[in-house]
Amino acid sequence: MMLQPKRGLRGPAVAAAVVSGALFLAACGSTGSSRSARTPSMPASPAATGAGGVACGEAAALSASGSTAQEFAMKIWIRSYTRACPGTRISYAGNGSGAGQSDFLKGRTAFAGSDSALSAAQIGQSRSVCSQGGRAVHLPTLGGPIALAFNLPGVDKLVLDAPALAKIFDSRITKWNDPEIAKLNPGARLPSTPIRATHRSDSSGTTDNFTSYLSAAAPSAWSYGHDKVWMAKGGQSAKGSSGVVEQVRKTVGAIGYVELTYALARDVHTASIATGASAPVDASVITSSKAIAGSTVAGSDGDLVLKLDYGTRAAGAYPIDMVTYEIVCDKGNKPATLPATKAFLTYIAGSTGQEELSFEGYATLPATIVGKVRSRIANLS
């Protein structure tokens, strides 16, 4: 279960979140309406409009699962949407991106939340779930930084880079006062404390994105490529981002990769990343948004998978980022839940849904991407 970030966040994090939220809201249009069709099990008025002008579609019971990175966002969205549209019931299980993909591909859910894209083989598999010749497509709805949370008493500020991180998480740098780390932190009093690198034990889009960064930014130091399943040697593991941040919080010498929201929730220190720019970059929604703004659409035929620039050296751009997708059929969705699915996805991709996340550590997506997402949702069938 995702931990709710504290309302009393650190000053810079709050300021960054406010500006980030404002940027996204300027990019988003007003929440649009969705096409409706009566569901046999839960009748409702056609084209129903809920509180605050929210387009509710037809009432239905929706099930979804997947990414823990967006679990807290989903809790907020579901709470607000179902208050406005009480005839619709939505459940979201934060069981990890891999499990969410599996649930969707077995036809158990209306959509999946995932921080990494389906493989070509999985896209092929989706054709058996999506009828009428449909297939799965990816709709980016959230972005954010993957922070390196650490627990090193006496050290509040820590700078790391991709080669050092690759060696730390592959058990080749094992002490915090290693010369490679000391070189990145001149003047810092680094102890000889053993490093307790912590990775995800479950199939995770966060792992996929973190290892994508290591592969892109330190190819000579990281030989494992990228995957949702952890491949490197040694270290300790924990299930879910909540498990990783809790392991870091209670273990002296620990370091782990988690979404910024989890680090803020537990008030855990996070490392700055040396990218080759003029100064190391802190993890924040502003610096993550700047990096994500350089992304491009890599999918085709209406699939909005994004290609992130993990090797960015732009000043003030944090390189370890992720985009969370909602995975849904482009056509051949279940008729009983399609109107409610479209209405809910339209809500979360619109200004009303996004403004609720302004203080929660999520980053903005480029305005051009936001427009494509809303258009794609409107055309789901």
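Our structure's up above, just so we're on the same page.
Presented here is a report on the structure given in the accompanying data block. What you see is a predicted model, and the numbers here were worked out from it, not measured in a lab.

**Focus: helix 8 (residues 240-250)**
Here's step 1: Here helix 8 has its buried residues at Gly240, Ser241, Gly243, Val244, Val245, Gln247 and Val248.
Here's step 2: Contact partners of the buried residues in helix 8: strand 6 (136-150), strand 8 (196-200), helix 7 (205-217), strand 9 (236-238), strand 10 (254-259) and helix 9 (260-266).

**Here's the deal with the packing of aromatic side chains**
Here's step 1: Summed over all chains, the structure comprises ten aromatic pairs.
Here's step 2: Relative to Phe344, the ring of Tyr81 has its centre 5.3 Å away and its plane inclined at 75°; by these criteria the two rings are edge-to-face. Of the two residues, Tyr81 is situated in helix 2 (residues 71-84) and Phe344 in helix 11 (residues 338-348); the sequence distance between them amounts to 263 residues. Assigned by exposure class, Tyr81 and Phe344 land together as buried.
Here's step 3: Taken together, a centroid distance of 4.6 Å and an interplanar angle of 20° make the contact between Phe210 and Tyr257 stacked. One end of the pair, Phe210, is in helix 7; the other, Tyr257, is in strand 10, with 47 residues separating them in the sequence.
Here's step 4: An aromatic cluster is built from Phe169, Phe210, Trp222, Tyr224, Trp230 and Tyr257, whose rings are joined through pairwise contacts.

**Observations concerning the pattern of salt bridges**
Here's step 1: According to the stated counting rule, one finds eight salt bridges in the structure shown.
Here's step 2: Among the salt bridges present, the one from Lys157 reaches Asp282, with a minimum N-O distance of 3.0 Å. Residue Lys157 is found in the loop between strand 6 and strand 7 (159-161), and its partner Asp282 is found in the loop between strand 12 (272-274) and helix 10 (285-292); the two are separated by 125 residues along the sequence.
Here's step 3: Look at Asp282 and you get partly exposed, because its relative accessible area is 39%.
Here's step 4: Here Arg172 ties to Asp170 by a salt bridge, and the two come within 3.1 Å at their closest N and O atoms.
Here's step 5: Owing to a relative accessible area of 43%, Arg172 belongs among the partly exposed residues under this scheme.
Here's step 6: The structure contains a network of salt bridges with shared partners spanning Glu246, Arg249 and Arg266.

**Digging into helix 13 (residues 367-378)**
Here's step 1: Between the first and last C-alpha of helix 13 there are 17 Å, a value that for twelve residues agrees with the 16 Å anticipated at 1.5 Å per step.
Here's step 2: Taken together, the buried positions of helix 13 are Ile369, Val370, Val373, Arg376 and Ile377. The arc that holds every buried residue of helix 13, seen down its axis, measures 130°, which confines them to one face.

**Remarks on the pairing of strand 10**
As a general feature of sheets, a regular strand has side chains that alternate between the two faces.
Here's step 1: Here strand 10 lies mainly inside the structure; six of its six residues are buried.
Here's step 2: Burial along strand 10 is two-sided: the face carrying Ala254, Gly256 and Val258 and the face carrying Ile255, Tyr257 and Glu259 are both buried.
Here's step 3: Here strand 6 pairs with strand 10 via five bridges, running antiparallel. Within strand 10, the position partnered with Ala147 by the bridge is Val258.
Here's step 4: With three bridges joining them, strand 8 and strand 10 adopt parallel strand pairing. Within the sheet, the bridge partner assigned to Ala197 lies in strand 10 and is Ile255.

**Topic: the packing of helix 11 against helix 13**
Helix-helix packing is described using two parameters, namely the angle between the two axes and the distance between the axes.
Here's step 1: One way to put it is that helix 11 packs onto helix 13 with a least axis distance of 9 Å and a crossing angle of 170°. Between helix 11 and helix 13, the interaxial angle falls into the category roughly antiparallel. The element helix 11 and its partner helix 13 pack so that their crossing is left-handed. Of the residues in helix 13, those touching helix 11 at Lys342, Leu345 and Thr346 are Arg374, Ile377 and Ala378.
Here's step 2: Residue composition of the contact of helix 11 with helix 13, by class: three nonpolar, one polar and two charged.

**Structural notes on the nonpolar core**
Here's step 1: Leu148, Leu165, Phe169, Ile255 and Phe344 are the most contacted members of the largest nonpolar core, which totals 86 residues.
Here's step 2: When residues of this core are assigned to their parent elements, the largest contribution, eight residues, is made by helix 2.
Here's step 3: When sequence neighbours within four positions are dropped, the list of residues in contact with Phe344 reads Leu62, Met74, Trp77, Ile78, Tyr81, Ile90 and Phe111.
Here's step 4: Residues Val245, Val248, Ala254 and Ala263 belong to the second largest nonpolar core, which totals ten residues.

**Topic: the environment of Ala59**
Here's step 1: Relative to the helices and strands, Ala59 is located in the loop between strand 2 (55-57) and strand 3 (61-66).
Here's step 2: For Ala59, a relative accessible area of 7% translates into the label buried.
Here's step 3: Along the sequence, Ala59 and Thr341 sit 282 residues apart, while their C-alpha atoms lie 9.8 Å from each other.

**Looking at the pairing of strand 15 (residues 321-329)**
Here's step 1: With nine of nine residues buried, strand 15 lies mostly within the body of the structure.
Here's step 2: Residues Asp321, Val323, Tyr325, Ile327 and Cys329 of strand 15 are buried on one face, and the alternating residues Met322, Thr324, Glu326 and Val328, pointing to the opposite face, are buried as well.
Here's step 3: Bridge count between strand 5 (residues 111-114) and strand 15: three bridges; the pairing is antiparallel. Along strand 15, the bridge assignment pairs Ser114 with Tyr325.
Here's step 4: Note: strand 6 against strand 15, nine bridges, orientation antiparallel. Across the sheet, the residue bridging to Leu139 is Glu326, located in strand 15.

**Notes on the state of the cysteines**
Here's step 1: The full count for this structure, using the stated rule, is two disulfides.
Here's step 2: Disulfide pairing places Cys56 opposite Cys85 at an S-S distance of 2.0 Å. Across the S-S bond of Cys56 and Cys85 the torsion is about -80°, and the bridge reads as left-handed. Here Cys85 lies in the loop between helix 2 and strand 4 (89-93) and Cys56 lies in strand 2, a separation of 29 residues in the sequence.

Rules and cut-offs
- Numbering of residues starts from 1 in each chain and follows the order in which that chain's sequence is written.
- Where totals are concerned, whole chains, interfaces and linings use all residues; where local detail is concerned, this predicted model gives features only for residues with pLDDT of at least 70, and gives and counts side-chain atom pairs only at 80 or more.
- The side-chain quantities take in all heavy atoms of the structure and omit both hydrogens and water.
- We call a residue buried when its accessible area falls under 20% of the maximum for its residue type, exposed when it is over 50%, and partly exposed in between, using a 1.4 Å probe and counting protein chains only.
- Per the convention used, a helix needs a DSSP run of H or I reaching at least four residues, while a strand needs a run of E reaching at least two, with both numbered from the N terminus.
- In this description, contact between two residues means that some pair of their heavy atoms is separated by no more than 4.5 Å.
- Pairing of aromatic side chains here covers Phe, Tyr and the six-membered ring of Trp, requires ring centres within 6.5 Å, and sorts the geometry by plane angle: under 30 degrees stacked, over 60 edge-to-face, intermediate tilted.
- One side-chain nitrogen of Lys or Arg within 4 Å of one carboxyl oxygen of Asp or Glu is enough to make a salt bridge.
- Multiplying 1.5 Å by the residue count of a helix minus one yields the expected span of that helix.
- Here the arc refers to the directions that run from the helix axis out to each C-beta atom.
- Pairing between strands is defined by DSSP: at least two bridges between the two strands are required.
- Interaxial angle, 0 to 180 degrees, is taken between N-to-C directions of lines fitted to C-alpha atoms, where a helix line uses only the stretch in contact.
- Here the word oblique covers every angle except those under 35 degrees (roughly parallel), over 145 (roughly antiparallel) and from 65 to 115 (roughly perpendicular).
- Should the near helix be turned counterclockwise from the far one by less than a right angle, the crossing is left-handed, whereas a clockwise turn marks it as right-handed.
- Amino acids are sorted into nonpolar (Ala, Val, Leu, Ile, Met, Phe, Trp, Tyr, Cys and Pro), charged (Asp, Glu, Lys and Arg) and polar (every other residue, Gly among them).
- What is meant by a nonpolar core is a set of buried Ala, Val, Leu, Ile, Met, Phe, Trp, Tyr and Cys residues, joined one to another through side-chain atoms within 4.5 Å.
- The disulfide criterion used throughout: a pair of cysteine sulfur atoms within 2.5 Å.

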